Amino acid sequence: MDALRADPAAFTDYLDRQQNKGLLRFLTCGSVDDGKSTLIGRLLYDTKLIFEDQLASLERDSRKHGTVGDDLDFALLVDGLEAEREQGITIDVAYRFFTTDKRKFIVADTPGHEQYTRNMATGASNADLAIILVDARKGVLTQTRRHSFIASLLGIRHVVLAVNKIDLVDHSQEVFGEVVAEYREFSAELGFASMVPIPISARFGDNVMERSPNMPWYEGPTLVEHLETVDVGAHGSGPLRFPVQWVNRPDLNFRGFSGTVASGTASVGDAVVVASSGRTSRIKSILTYDGERAQAGAGEAVTITLEDEVDISRGDVLAASNDRPEFSDQFSAHVLWMAQEKMIPGRTYLLKLGTRTVSASVTEIKHKVDVNTFQKLAAKTLDLNEVAVVNVSTQEPIAFEPYSSNHVMGGFIMIDRLTNLTVGVGMIDFGLRRATNIHWQPVEIDKEVRARLKNQKPVLLWFTGLSGAGKSTIANLVEKKLVAMNQHTYLLDGDNVRHGLNKDLGFTDADRVENLRRASEAGKLMVDAGLIVLASFISPFRAERRMTRELFAPGEYVEIFVDTPLHVAESRDPKGLYKRARQGQIKNFTGIDSPYETPESPEIILAAGVNSPDALADEVVHYLAGHGYI
Amino acid sequence: MPQTRLPSPAELAGDKLTHLQRLEAESIHIIREVAAEFRNPVMLYSIGKDSSVMLHLTAKAFYPSKPPFPLLHVDTTWKFREMIAFRDETAKRVGMDLIVHTNEQGLREGISPFTHGSSTYTNIMKTDALKQALTQYKFDAAFGGARRDEEKSRAKERIFSFRTENHGWDPKNQRPELWNLYNARIRQGESIRVFPLSNWTELDIWQYILQENIPIVPLYFAAKRPVVERDGQLIMVDDDRLPLAKSEVPQERMVRFRTLGCYPLTAAIESPASTLHEIVYEMLLARTSERSGRLIDHDEAGSMEKKKREGYF
């Protein structure tokens with residue numbers, strides 16, 4: 001530091017480094033006694049962010065409310081409300097700030113009690129990583145499952161499993177291993193991109209900032225090392241989305257649209273479309289207080305003017321004209337209910353998405369999800385802190401995208417019209433087309449008649465998995481075996497469909513969704529014709545697989561997960577695609593720079609890295625025979 | 001034409017905003033959201049460094065328009081003289097309307113930090129005065145420059161913080177606030193306090209002042225000033241209203257302020273830092289929090305939470 005004072009250039013350089021540090025926003029969750037607040041206090045203390053006067057008041061409070069004898073009770077440093085200090089629990093989310101040499105951090109310290117689940121969701125909504133605390137003595141508890149579920153629901157893809165109080169189990173590697181195994185087992189279906197387990201003692205600081213001398217068996221990173229280096233990816237990739245916040249009209253000669261770029265890049269000259277009206281224009285200028293810009297990227301707050309006079313108001317979305325968002329008045333979403341008063345389908349609420357607020361109602365609760373067991377349950381209404389998959393209908397169509405591809409365009413809140421309280425939060429999974437409302441003409445020859453002729457139960461066998469996983473190979477073998485048994489089949493292959501039916505589609509997320517939608521619809525027609533349809537598509541996203549599944553009656557859709565580890569698929573690389581993706585020649589390649597979301601509950605899992613394709617094909621045929629399809 | 005345009009930060013930093021750019025964009029988004037959603041907002045202007053930053057961000061948010069709301073200063077009549085001069089200059093410079101409100105009844109009754117104690121004084125001349133002004137002008141939203149890193153009850157507060165008709169805050173029952181979706185719905189008489197600087201730290205504020213060259217009250221820079229020492233705190237003798245004990249003889253010392261409020265309640269620190277660079281450097285070495293210079297926070301444990309529930313900013 002003193003060297004900096006002597007050298008102004010070095011000091012300026014130091015300041016630049018400070019502000020060019022990356023930022024990681026994470027949340028901590030755990031139940032009352034897992035030591036969550038203690039961990040945050042420890043992080044602040046070890047990174048020297050507790051000032052002397054704060055330390056003095058901590059010593060005072062520790063004597064008054066503390067629960068750790070003569071030691072400093074770090075929990076008192078973060079539990080900011082009087083009620084929290086008195087009851088020794090966290091009620092609401094608190095935000096803390098700390099910095100290390102490598103990164104800046106904003107921590108959302110969230111409550112663990114089930115009754116405060118909504119406050120945890122508040123903290124999770126802006127976080128990119130979750131630290132799930134577990135008491136080493138107790139292992140995985142119900143709340144561990146709940147916290148993990150809520151984190152996954154809000155789109156958090158990176159998790160640290162902090163096995164705390166390891167000192168109380170003699171720093172045992174066995175205990176640690178057991179907790180980790182237990183966690184891995186149930187969290188597999190939550191689809192986290194990374195899960196890093198770390199044995200720690202928040203109270204004594206083991207493996208928090210400093211490597212613990214008590215656990216020579218642990219070779220992974222310390223908690224802080226991991227937080228400093230974990231790559232959580234970037235927000236805001238994808239085509240331009242610019243929700244208009246405020247129409248900027250200082251005088252009659254200037255009409256600009258102020259807002260924050262939600263995704264993509266706005267460049268002067270770009271063709272844009274107003275999502276609601278379909279009117280197109282070009283970006284004339286991008287204005288800020290600091291001057292005009294040629295470009296503005298995701299996260300930047302700017303003012304855009306257009307070349308044409310186009311009617312635009314708050315709530316409209318300017319989008320890339322060649323890659324538009326969905327625009328519809330119906331969608332399927334996951335909803336977390338946050339009010340004492342029940343959510344009742346049919347009741348109207350205000351729905352705020354981006355800068356748009358519209359009247360909306362839930363038309364149907366598909367099912368609710370028990371946040372502790374992940375079980376799907378039937379429900380007529382939703383209570384406080386309950387999660388459900390619902391269909392939402394808005395009074396006017398709005399522009400949106402699936403939450404998994406764009407948080408700004410896919411996350412919404414629901415507001416009670418009378419009390420004005422925020423009563424619910426939702427994450428859009430996919431749009432429901434108007435077509436779902438068109439009633440079909442009943443025909444006398446129906447699929448049952450057709451199927452009976454063929455002596456089989458029609459079904460869509462949906463093979464999903466990485467590129468090179470062996471989907472087509474297995475599907476081909478299954479079809480051969482079925483035909484040999486006199487069954488009527490048809491094979492829809494992902495690559496082949498792209499040569500014809502879908503040859504106008506590319507590989508953007510939107511096009512991928514459309515590709516799958518068409519394939520699914522084609523499959524549906526063939527199932528209707530009575531066939532056993534084999535479809536092999538990478539179909540990496542849960543939302544789209546769900547979309548397909550929901551097109552079919554129960555039993556008509558069988559999801560087959562061709563489970564081949566990435567390194568195996570990559571080593572096969574039949575078409576040389578992985579190699580090109582690794583070299584950056586192919587973008588959005590599943591498994592490389594675009595995620596593959598593991599199926600949550602496929603009907604069949606094929607261990608394709610282990611068994612031969614022929615044996616795997618037999619497994620499928622046995623399934624069909626065993627379930628009365630053939 | 002195109003060659004005269006500045007490259008965007010995204011281009012410069014390889015698609016990555018700097019920490020301050022990210023904070024700036026977030027604050028601008030919040031400020032615009034208020035202008036778009038409320039009928040009659042106001043910005044609390046306390047003249048301090050945080051207010052200066054908030055005002056700068058406001059100018060950025062609406063450019064080329066002028067900010068579509070006025071400034072409100074609650075004048076206890078015990079502010080440093082340099083603060084008042086700076087306030088009037090600033091309002092003129094940014095071209096915004098400035099409303100100055102004082103609790104006239106309190107003034108008539110001669111309420112001062114010396115006669116009634118800091119707690120009662122703050123309550124009457126700051127909290128009550130603020131509530132009077134908000135009620136009188138029927139403001140439905142009021143911006144404040146508070147930051148979450150300042151104090152632990154602030155760390156719990158939402159960015160859009162709901163207030164009842166009596167301006168009360170219920171910390172145990174705050175509206176959930178997800179992503180950057182703010183619920184601005186209120187009934188008549190209720191209001192929302194808005195904190196666009198919630199996620200800034202003290203260091204961020206200073207770095208931003210440095211980067212943007214934002215004018216601040218000269219009291220932040222070290223100079224020789226007349227002070228007396230009370231309970232280990234240095235109090236500046238800003239005018240002859242400060243009652244001095246016989247033993248108290250004002251001394252000229254090189255001091256500055258980390259935070260500014262009413263002069264009898266705001267302690268100075270000894271410091272040679274007379275430039276922004278030196279201030280930031282000193283900050284990096286600081287071992288006490290900035291609010292340690294605020295005498296009202298020490299009255300009792302949980303005192304800030306209590307004041308905030310009653311309507312203090």
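Basis of the calculations
- Residues numbered from 1 in each chain as written.
- Chains lettered and ligands numbered in written order.
- Predicted model: local features only at pLDDT ≥ 70, side-chain atom pairs only at ≥ 80, totals over all residues.
- Heavy atoms only, no water.
- Helix = DSSP H or I, 4+ residues; strand = E, 2+ residues; numbered from the N terminus.
- Rg over C-alpha atoms; globule rule 2.2 N^0.38 Å.
- Buried < 20%, exposed > 50% of the residue type's maximum accessible area, 1.4 Å probe, protein only.
- Contact = heavy atoms within 4.5 Å.
- Areas by Shrake-Rupley, 256 points an atom, 1.4 Å probe, with all protein chains shown as cover.
- Lys, Arg positive; Asp, Glu negative; His and termini not counted.
- Charge placed at Lys NZ, Arg CZ, Asp CG, Glu CD.
- Buried area = accessible area lost by both parts, 1.4 Å probe.
- Salt bridge = Lys/Arg side-chain N within 4 Å of Asp/Glu carboxyl O.
- Polar contact = N/O pair within 3.5 Å; in protein donor to acceptor, adjacent residues only side chain to side chain.
- Phe/Tyr/Trp six-rings, centres within 6.5 Å; stacked < 30°, edge-to-face > 60°.
- Core = buried A, V, L, I, M, F, W, Y, C linked by side-chain atoms within 4.5 Å.
- Pairing = 2+ DSSP bridges.
- Axes fitted to C-alpha atoms, helices over the stretch in contact; angles between N-to-C directions.
- Expected span 1.5 Å × (residues − 1).
- Arc of directions from axis to C-beta.
- Parallel < 35°, antiparallel > 145°, perpendicular 65-115°, else oblique.
- Left-handed = near helix turned anticlockwise from the far one by under 90°.
- Nonpolar A, V, L, I, M, F, W, Y, C, P; charged D, E, K, R; others polar.
- Domains from an automatic or database assignment.
- UniProt positions renumbered as here; feature names shortened; annotations may be inferred.

A look at the overall build of chain A
Here's step 1: Counting its secondary structure elements, chain A contains 19 helices and 27 strands.
Here's step 2: Taken over the C-alpha trace, chain A has a radius of gyration of 27 Å; the compact-globule value for 630 residues is 25 Å, and the two agree within 12%.
Here's step 3: Dimensions of chain A, computed from C-alpha atoms along their principal axes, come out at roughly 85 × 75 × 55 Å.
Here's step 4: When the 630 residues of chain A are sorted by exposure, 57% land in the buried category.
Here's step 5: A fraction of 71% describes how many contacts in chain A between residues 6 or more apart in sequence connect residues 24 or more apart.
Here's step 6: Of the roughly 26600 Å² of accessible surface on chain A, a fraction of 49% belongs to carbon and sulfur atoms.
Here's step 7: Considering chain A, the positive charge centre built from 69 side chains and the negative charge centre built from 85 side chains are found 4 Å apart.

Comments concerning the interface of chain B and chain A
Here's step 1: The interface is formed by 78 residues belonging to chain B together with 98 residues belonging to chain A.
Here's step 2: For the chain B face of the interface with chain A, the top three residues by lost area are B:Lys156, B:Trp179 and B:Tyr281, together amounting to 12%.
Here's step 3: Across the contact surface, chain B and chain A share seven salt bridges.
Here's step 4: A salt bridge links B:Glu37 to A:Arg314; the nearest nitrogen and oxygen atoms lie 2.7 Å apart.
Here's step 5: Counting across the chain B and chain A interface gives 23 residue pairs in polar contact (both at pLDDT 80 or more).
Here's step 6: For the side of chain B that touches chain A, the secondary-structure elements that each account for two or more residues are helix H1 (9-12), helix H2 (19-37), helix H3 (49-62), helix H7 (202-212), helix H8 (276-285) and helix H9 (303-309) of chain B.
Here's step 7: With 12 residues, the single largest contributor to the side of chain B that touches chain A is H2(B).

Looking at the packing of aromatic side chains
Here's step 1: Following the criterion strictly, the structure yields 31 aromatic pairs over all chains and no others.
Here's step 2: Seen from their ring centres, A:Trp217 and A:Tyr218 are 6.4 Å apart, and the 80 degrees between their planes marks the pair as edge-to-face.
Here's step 3: When the ring of B:Trp206 is compared with that of B:Tyr220, the centres are 5.5 Å apart and the planes differ by 85 degrees; the resulting orientation is edge-to-face. One end of the pair, B:Trp206, is in helix H7; the other, B:Tyr220, is in the loop between H7 and strand E7 (223-230), with 14 residues separating them in the sequence. Here B:Trp206 matches B:Tyr220 in class, with each residue buried.
Here's step 4: Through a chain of ring-to-ring contacts, three or more aromatic side chains come together here, namely B:Trp78, B:Phe80, B:Phe114, B:Phe257 and B:Tyr263.

Section: the nonpolar core
Here's step 1: Grouped together as the largest cluster of nonpolar side chains are 76 residues, with contacts concentrated most on A:Phe26, A:Leu27, A:Leu39, A:Ile131, A:Leu154 and A:Tyr183.
Here's step 2: In this structure A:Leu154 touches A:Ala121, A:Ala124, A:Ser125, A:Tyr403, A:His407, A:Met427, B:Leu178 and B:Trp179, once residues within four positions along its chain are discounted.
Here's step 3: If you look at the next biggest cluster of nonpolar residues, it comprises 75 residues, including B:Met43, B:Ala141, B:Val227 and B:Cys262.

Points about the pairing of strand E8 (residues 233-236) of chain B
Residues and elements named next belong to chain B.
Here's step 1: The pairing of E7 with E8 spans four bridges and is classified as antiparallel. Looking at E8, one finds that Val227 is bridged to Met236.
Here's step 2: In textbook terms, the turn of a hairpin is the stretch between consecutive antiparallel strands, and for E7 and E8 this stretch comprises two residues, one of which, Asp231, has a positive phi near 45 degrees.
Here's step 3: Pairing geometry for E8 and strand E10 (residues 267-270), over two bridges, is antiparallel. Note on E10: the bridge partner recorded for Ile235 is Ala267.

So, the sheet that holds E10(B)
Residues and elements named next belong to chain B.
Here's step 1: One closed barrel holds the four strands; their spatial order is E7-E8-E10-E9, and the pairing between them is antiparallel. Recorded for the sheet is a direction-independent mean angle of 70 degrees between the axes of neighbouring strands.
Here's step 2: For strand E9 (residues 251-256) and E10, the ladder comprises two bridges, and the chain directions are antiparallel. The residue of E10 that forms the bridge with Val255 is Glu270.

Brief notes about helix H4 (residues 81-94) of chain B
Residues and elements named next belong to chain B.
Here's step 1: The first and last C-alpha atoms of H4 sit 20 Å apart over 14 residues, in line with the 20 Å expected at 1.5 Å per residue.
Here's step 2: Residues Met83, Phe86, Arg87, Thr90, Ala91 and Val94 constitute the buried set of H4. The arc that holds every buried residue of H4, seen down its axis, measures 135 degrees, which confines them to one face. Exposed and oriented more than 90 degrees from the buried face of H4 are Arg81, Glu89 and Lys92.
Here's step 3: For H4, the secondary structure elements touched by its buried residues are H3, strand E2 (71-74) and strand E3 (98-101).

A few points about the packing of H7(B) against H8(B)
All names here are of chain B.
Here's step 1: For the pair H7 and H8, the least separation of the axes is 10 Å and the interaxial angle reads 165 degrees. Classified by the interaxial angle, the pair formed by H7 and H8 is roughly antiparallel. Like other packed secondary-structure pairs, H7 and H8 cross with a definite hand, here left-handed. Touching Glu202, Leu203, Trp206, Ile209 and Leu210 of H7 are Leu276, His277, Ile279, Val280, Met283 and Leu284, all from H8.
Here's step 2: Here the contact of H7 with H8 is built from residues that sort into nine nonpolar, one polar and one charged.

Thoughts on the packing of helix H2 (residues 8-20) of chain A against H8(B)
Here's step 1: Across the interface, H2(A) lies against H8(B) with an axial gap of 12 Å and an inter-helix angle of 65 degrees. For H2(A) against H8(B), the interelement crossing comes out left-handed. The residues of H8(B) that touch H2(A), namely those facing A:Phe11, A:Thr12, A:Tyr14 and A:Leu15, are B:His277, B:Val280, B:Tyr281 and B:Leu284.
Here's step 2: Class assignment of the residues belonging to the contact of H2(A) with H8(B) gives a composition of six nonpolar, two polar and no charged.

Comments concerning the side chain of B:Arg87
Residue and element names in this part refer to chain B.
Here's step 1: For Arg87, the position within the fold is in helix H4.
Here's step 2: Judged by relative accessible area, Arg87 falls into the buried class, the value being 7%.
Here's step 3: Reaching out from Arg87, the side chain makes a polar contact with the side chain of Asp88 at a distance of 2.9 Å.

Quick look at the sheet that holds strand E5 (residues 160-163) of chain B
Residue and element names in this part refer to chain B.
Here's step 1: Strand order in the open sheet made by the six strands is E3-E2-E1-E4-E6-E5, with mixed pairing throughout. Single-partner strands in this sheet number two, and they are E3 and E5. Ignoring strand direction, the axes of neighbouring strands in this sheet form an average angle of 30 degrees.
Here's step 2: Sheet analysis places strand E1 (residues 41-44) next to E2, joined by two bridges and oriented parallel.

Description of the pattern of salt bridges
Residues and elements named next belong to chain A.
Here's step 1: Taken as a whole, this structure holds 48 salt bridges over all chains when the rule is applied.
Here's step 2: Across the salt bridge formed by Asp135 and Lys165, the nearest N and O atoms sit 3.8 Å from each other. Here the residue Asp135 occupies a position in strand E4 (residues 129-135), and Lys165 occupies one in the loop between strand E5 (158-164) and helix H9 (173-187), the gap between them amounting to 30 residues. By the burial criterion, Asp135 is buried, and Lys165 matches it.
Here's step 3: Residues participating in the shared-partner salt-bridge network are Asp135, Arg137, Lys138 and Lys165.

Here we look at the domain arrangement of chain B
All names here are of chain B.
Here's step 1: According to the domain assignment, chain B consists of domain 1 (2-204) and domain 2 (210-298).
Here's step 2: Domain 1 and domain 2 are separated by 23 Å when their C-alpha centres are compared.
Here's step 3: The interface is formed by 30 residues belonging to domain 1 together with 31 residues belonging to domain 2.
Here's step 4: Of the roughly 2900 Å² buried between domain 1 and domain 2, counting both surfaces, carbon and sulfur atoms make up 63%.
Here's step 5: A salt bridge links Arg81 to Asp238; its shortest N-O distance comes to 3.7 Å.
Here's step 6: On the surface where domain 1 and domain 2 come into contact, there are eight residue pairs in polar contact (both at pLDDT 80 or more).
Here's step 7: Along the lines of polarity and charge, the residues of the side of domain 1 that touches domain 2 split into 11 nonpolar, seven polar and 12 charged.

What to know about the UniProt feature "binding site: ATP" (unreviewed entry) in chain A
Residues and elements named next belong to chain A.
Here's step 1: When the UniProt feature table is mapped onto this chain, "binding site: ATP" (unreviewed entry) is found at Gly465, Leu466, Ser467, Gly468, Ala469, Gly470, Lys471 and Ser472.
Here's step 2: Of note, Gly468 is situated in the loop between strand E23 (459-464) and helix H13 (471-484).
Here's step 3: For Ala469, the location among the structural elements is in the loop between E23 and H13.

Structural notes on the domain arrangement of chain A
All names here are of chain A.
Here's step 1: Splitting chain A by domain gives domain 1 (2-229), domain 2 (241-320), domain 3 (326-437) and domain 4 (447-626).
Here's step 2: Of the roughly 1400 Å² buried between domain 1 and domain 3, counting both surfaces, carbon and sulfur atoms make up 66%.
Here's step 3: The largest per-residue losses of area from domain 1 upon contact with domain 3 belong to Arg118, Phe149 and Leu153, which jointly make up 39% of the total buried on that side.
Here's step 4: Our count for the contact surface shared by domain 1 and domain 3 stands at zero salt bridges.

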